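# Descriptive analysis of the structure
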Amino acid sequence: MHVFKSKIDNWVLVCLLLSVSACLMGASVPLMIGGITNYVFAAIVLIAGAGFPIWIYVSTRYIVSGDDLKIISGPFTWNIPIQSIVSLQETQIAATSPALSFDRLQITYGEDKVIIVSPVDKEKFIQKLGKEKLIGSAQRNGTKAAAKDSRKKARKNKINRNNP
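Now for a look at the structure at hand. (Residues numbered from 1 in each chain as written. Predicted model: local features only at pLDDT ≥ 70, side-chain atom pairs only at ≥ 80, totals over all residues. Heavy atoms only, no water.)

## Brief notes about the side chain of Thr-108
Basically, it comes down to this: Numbering of helices and strands runs from the N terminus; a helix is a DSSP stretch of H or I covering at least four residues, while a strand is a stretch of E covering at least two. The cut-offs for exposure are 20% and 50% of the maximum accessible area for each residue type, with area from a 1.4 Å probe on protein chains only; residues under the lower value are buried, those over the upper are exposed, and the others partly exposed. Two residues qualify as a contact provided that any one of their heavy atoms is within 4.5 Å of a heavy atom in the partner residue.
By the secondary structure assignment, Thr-108 is in strand 6 (residues 104–109). Thr-108 gets classed as buried once you look at its relative accessible area, which sits at 15%. Not counting the four nearest positions on each side in its chain, Thr-108 is found in contact with Ser-84, Ile-85, Val-86, Ser-87, Lys-113 and Val-114.

Right under this line is the structure:
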């Protein structure tokens, strides 16, 4: 069994700190006012607004064991048979996923199912999956180039929309 932690970008830490700070400030008012209803409200705000993001931050990991890839992120768990993985691609898509970094791998498995992960050591992760053949250096460069091209096109489209 090999456990891979998620790579964590600084922007995730900033978002986490802002979330926790906002929740602490939001919960402080009902706590100062007092009363059972306000205490319950403050507890809900703290658990949902601070506890949940911290749980995801602390627990996001990817476990390769035997024939399975298990992805854990807070209360969410995915079990993916390694044999069902049909492609791996480097990506920087900003989709919601169990990845705490924009340095990501898109895993396509089963019948058109996709999940995005961000292991700290991508090369070792791919090696442990035994899927090196699915992601070659030429494909990596092509994926990065395609991502860069799509960002350029998006900027052009935005400029064109603003200048009729």
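Having seen the model, we can carry on.
## Observations concerning unusual backbone geometry
The backbone phi angle of Asp-112 is positive, close to 60°, even though this residue is not glycine. Its location among the elements puts Asp-112 in the loop between strand 6 and strand 7 (113–117).

## A word on the packing of aromatic side chains
Keep this limit in mind: Aromatic pairs are defined between Phe, Tyr and Trp rings, using the six-membered ring for Trp, whenever the two ring centres lie within 6.5 Å; interplanar angles under 30 degrees are classed as stacked, those over 60 as edge-to-face, and all others as tilted.
In total, this model carries 5 aromatic pairs according to the counting rule given. Judged by centre distance (5.3 Å) and plane angle (85°), the rings of Phe-4 and Phe-125 are edge-to-face. With a gap of 121 residues between them, Phe-4 in strand 1 (residues 2–5) and Phe-125 in helix 3 (residues 122–129) connect regions that are remote in the sequence. Among the aromatic residues, those joined into a ring-pair cluster are Phe-4, Tyr-62 and Phe-125.

## Here's the deal with the layout of surface pockets
Left-over empty space is what a probe sized like a water molecule reveals as it rolls over the atoms. Convention followed: Points on a 1 Å grid, built from protein atoms alone, make a cavity when a 1.4 Å probe fits but cannot get out and make a pocket when they are open with protein on both sides within 12 Å along at least 5 of 7 lines; residues with an atom within 4 Å of a point are the lining residues. Grid points are joined across faces, edges and corners, and a volume is the space filled by probe spheres set on the points. Each residue is assigned to one class: nonpolar for Ala, Val, Leu, Ile, Met, Phe, Trp, Tyr, Cys and Pro, charged for Asp, Glu, Lys and Arg, and polar for all the others, Gly among them.
Considered as a void within the structure, the largest pocket measures approximately 310 Å³ in volume. Considering the residues around the largest pocket, the lining is formed by 15 residues, among which Trp-11, Val-12, Cys-15, Ile-56 and Leu-100 are closest to the centre. The set of elements that each furnish at least two residues to the lining of the largest pocket consists of helix 1 (10–33) and helix 2 (36–59). For the lining of the largest pocket, the element with the highest residue contribution is helix 1, accounting for 4 residues. Per-class residue counts for the lining of the largest pocket are 12 nonpolar, 2 polar and 1 charged. Its boundaries defined by the atoms lining it, the second largest pocket holds a volume of some 150 Å³.

## Description of the environment of Phe-41
Relative to the helices and strands, Phe-41 resides in helix 2. Judged by its relative accessible area of 46%, Phe-41 falls in the partly exposed class.

## Some words on the side chain of Ser-6
Convention followed: Identification of polar contacts relies on pairs of N or O atoms within 3.5 Å, with a donor-acceptor requirement for protein atoms, meaning one able to donate a hydrogen and the other able to accept it, and with residues adjacent in sequence counted only if both atoms are side-chain atoms.
Here Ser-6 shows up in the loop between strand 1 and helix 1. Ser-6 gets classed as buried once you look at its relative accessible area, which sits at 5%. There is a polar contact of 2.8 Å between the side chain of Ser-6 and the side chain of Ser-118.

## Considerations on the nonpolar core
The cut-off we apply is this: The nonpolar core is taken to be a set of buried Ala, Val, Leu, Ile, Met, Phe, Trp, Tyr and Cys residues, with the residues joined through side-chain atoms within 4.5 Å.
Residues Tyr-62, Leu-69, Ile-85, Ile-107, Phe-125 and Leu-129 are the most contacted members of the largest nonpolar core, which totals 20 residues. Every element with two or more residues in this core is listed here: strand 2 (61–65), strand 3 (68–73), strand 5 (85–91), strand 6, strand 7 and helix 3. When near neighbours in sequence (up to four residues on either side) are disregarded, Leu-129 contacts Val-64, Leu-69, Ile-82, Ile-85 and Leu-88.

## Structural notes on the pattern of salt bridges
What counts, and what does not: A pair is scored as a salt bridge if a Lys or Arg side-chain nitrogen falls within 4 Å of a carboxyl oxygen belonging to Asp or Glu.
Enumeration according to the criterion identifies 3 salt bridges in this entry. Salt-bridge contacts for Lys-122 lead to Asp-103; the nearest nitrogen and oxygen are separated by 2.6 Å. Linking Lys-122 in helix 3 with Asp-103 in the loop between strand 5 and strand 6, this pair joins segments that are 19 residues apart in sequence. Owing to a relative accessible area of 27%, Asp-103 belongs among the partly exposed residues under this scheme.

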